[in-house]
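Residue-level structural notes
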Amino acid sequence: MGDTSSTAPSVSLMAQLKHGLTRENYQKAVADIVDGWRRRSLWGTMGLQDIRQRYRRSVIGPFWLTISMGVMVAALGVLYGAIFGQELGDYLPYLAAGFVTWGLVSSMVLDGGRAFISGEGLIKQLNAPLSVHVYRQVWGNLIVFLHNIWIYFLVAMWFGQYPSWTTLLVVPAIAIILVNGMWMGLLLGLLSTRFRDIPQIIGSVVQVMFFITPIIWKTDMLPGRALFLDLNPFYYYVQLVRAPMMGHLPSLEIIAGVVLLTVLGWGAALFFYTAYRWRLAYWV
Amino acid sequence: MASIIIKNASVAFPIYDASSRSLKMRVLPGNMGGRIGGSGGHVSVVQALDDVSLTLNHGDRVGLVGHNGAGKTTLLRVLAGIYEPGAGSVRVDGHVAPLFDIALGMDPESTGYENIYLRGLFLGMSRREIRRRLPEIAEFTELGQFLDLPLRTYSAGMRMRLAFAVSTSITPDILLLDEGIGAGDAAFLDKANQRLGAFTDQAGIIVLASHADHLIKRMCTKAVLMERGRIVAVGQVDRILQRYRKRIAAA
């Protein structure tokens, strides 16, 4: 079922933009995202399959994710704890919480840029909504995160910090992060498919952001407030999850920042997805 | 009631090579000597469908004939909703099932049963629907205990059986086929042909792109001749095939 019409056989991006921004295309973009959600048994299976394929015939399977993350946190924690002169019982849980959250946010940005490119073969064969490829990627990253989050709780409990009721707020916080992961995938995935240098750019930016975002260092180590925090979207995302994980509420500033990012991000994603969604099959 | 109405549809593919697809060309214009190929535009374009109009109604069995690159596969993909034409309009009523690759989505490391689910989900079935059809599909494959083993342990013929059994278990209104459906060894063939017959009889509309005359003659009641992205003739199967042969001979 479908109805398609337009009248400009042009390949110029500007012409397509002018032409693509119609109410009809907007409705089709929204329908694509809604129908994609309805196909969750498809992308749910595909996402699981991606993870299982990676660890097929290995004895402990995806728990290698947990182990390698654990080793990373332990090594970095001991080293940087010493460098910064931090109390380990305080620093290690902080690092673990930040690190596993960073893992989720950064991989959603990185994989989001590749969402449509890696679905290339399928896009030309399968008459499914294109958003399926973004859902698949976000879901895959959630599965990985659910393996990693135990690292934090293990470390925290080792040092005698037990989960409180506030910890439950991690669930809505993650849900908000996933909603953001969707716009990242739709927007970055679309732009990356047209311009194949963008995934490379995203890669180097994310690498730098890891050091700029307070994960291995704490905000109070910084003399005064800095642009590193205020203008760093990663800071807002990481803090939104890390705060309840460690048993306190995220500040209003963080919540406001995330709300703003969510609205702006989805606005931009819908804008571009409306204009260029139908071009994706031509670009892959 | 299934129906397809295409009006003046055109599909053009921009050809980006590594350099024009990169940002450099846009950020640093002039640096690389400017535009690539094509006249006036930024990129060269392949016109895969050019002003195509076609109306198909419930009950139509249509064969697409034409040279390689005539636009048959592109037209099928337009019907499947994969390509939206840059100009013109397409209206498709009914549930469409493109069967371009009957093994699409199957995974060598998963078991036969898992692959029935995988393939079924790719075909647009729900888990419940697949569960309901599972016994019937499993029985048809005659694979028995093998269904518990990973697909990689199967022979090519066994894989084909499995893919065939799942793919023909759906009941779409509109069926799109590229080069027909194959089904393994001779012993299986009779059974497969019967099933294929029942399967295709259920579909409201079938569009089949093929180079095999016998396939088109057997399955289709109508044929469409394509050439360089245009529809040059629509009509009775024999007449169109004859015309196609003549054109080949003339070329």
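Anything mentioned here points back to the structure above.
Residues numbered from 1 in each chain as written. Chains lettered and ligands numbered in written order. Predicted model: local features only at pLDDT ≥ 70, side-chain atom pairs only at ≥ 80, totals over all residues. Heavy atoms only, no water.

Quick look at the sheet that holds strand S9 (residues 230-235) of chain B
All names here are of chain B. Within the open sheet, the 6 strands sit side by side as S5-S6-S7-S3-S8-S9. Their pairing is mixed. Taken across any chain shown, the strands that pair with only one partner, and hence form the sheet edges, are strand S5 (96-99) and S9. This sheet shows a mean twist of 15° between the axes of neighbouring strands, independent of strand direction. Of the strands in this sheet, strand S3 (61-65), S5, strand S6 (174-178), strand S7 (205-209) and strand S8 (222-227) touch helix H3 (residues 72-79), which is tilted by about 155° from S6. (Pairing = 2+ DSSP bridges. Helix = DSSP H or I, 4+ residues; strand = E, 2+ residues; numbered from the N terminus. Axes fitted to C-alpha atoms, helices over the stretch in contact; angles between N-to-C directions. Contact = heavy atoms within 4.5 Å.)

Some details on the packing of aromatic side chains
A complete count under the given rule lists 20 aromatic pairs over all chains for this structure. Ring plane angle 45° and centroid distance 5.1 Å describe the contact between Trp102(A) and Phe234(A), whose orientation is recorded as tilted. Placement of the pair is Trp102(A) in helix H5 (residues 88-118) and Phe234(A) in helix H11 (residues 233-245), with a sequence separation of 132 residues. Note on accessibility: Trp102(A) and Phe234(A) belong to one class, buried. Consider the rings of Phe271(A) and Phe272(A), whose centres lie 5.3 Å apart with planes at 85°: the pair is edge-to-face. For Phe271(A), a relative accessible area of 36% puts it in the partly exposed group. Through a chain of ring-to-ring contacts, three or more aromatic side chains come together here, namely Phe99(A), Trp102(A), Phe210(A), Phe211(A) and Phe234(A). Lying across the ring of Phe140(B), Lys191(B) places its NZ or CZ 4.6 Å from the centre. (Phe/Tyr/Trp six-rings, centres within 6.5 Å; stacked < 30°, edge-to-face > 60°. Buried < 20%, exposed > 50% of the residue type's maximum accessible area, 1.4 Å probe, protein only. Lys NZ or Arg CZ within 6 Å of the ring centre and 35° of its normal.)

Describing the layout of surface pockets
A volume near 590 Å³ is recorded for the second largest pocket. Together, 28 residues line the second largest pocket, and Met46(A), Asp50(A), Ser118(A), Arg136(A) and Gln137(A) are the ones closest to its centre. Of all elements in the fold, only helix H3 (40-55), H5, helix H6 (120-123) and helix H7 (131-158) of chain A together with helix H4 (112-122) of chain B reach the threshold of two or more residues within the lining of the second largest pocket. With 7 residues, H3(A) is the single largest residue contributor to the lining of the second largest pocket. (1 Å grid on protein atoms, 1.4 Å probe; cavity = no way out; pocket = protein on both sides within 12 Å on 5 of 7 lines; lining within 4 Å. Points joined across faces, edges and corners; volume = space filled by probe spheres on them.)

Re the pattern of salt bridges
When the charged atoms of two side chains lie near each other, side chains of opposite charge can form a pair. Throughout the structure, instances matching the rule amount to 18 salt bridges over all chains. For the salt bridge of Lys28(A) with Glu24(A), the shortest nitrogen-to-oxygen distance reads 3.9 Å. Remark: Glu24(A) and Lys28(A) occur in helix H2 (residues 23-38); sequence separation between them is 4 residues, near one turn of the helix. As a salt-bridge pair, Asp213(B) and Arg245(B) come within 2.7 Å of each other at their nearest N and O atoms. Taken together, the positions of Asp213(B) in helix H8 (residues 213-219) and Arg245(B) in helix H9 (residues 237-250) put the pair 32 residues apart, joining distant regions of the chain. The network of salt bridges with common partners includes Glu24(A), Lys28(A), Arg277(A) and Glu84(B). (Salt bridge = Lys/Arg side-chain N within 4 Å of Asp/Glu carboxyl O.)

Here's the deal with the side chain of Thr200(B)
Residue placement: Thr200(B) occurs in helix H7 (residues 186-202). Of the residues examined, Thr200(B) reaches a relative accessible area of 10% and is grouped as buried.

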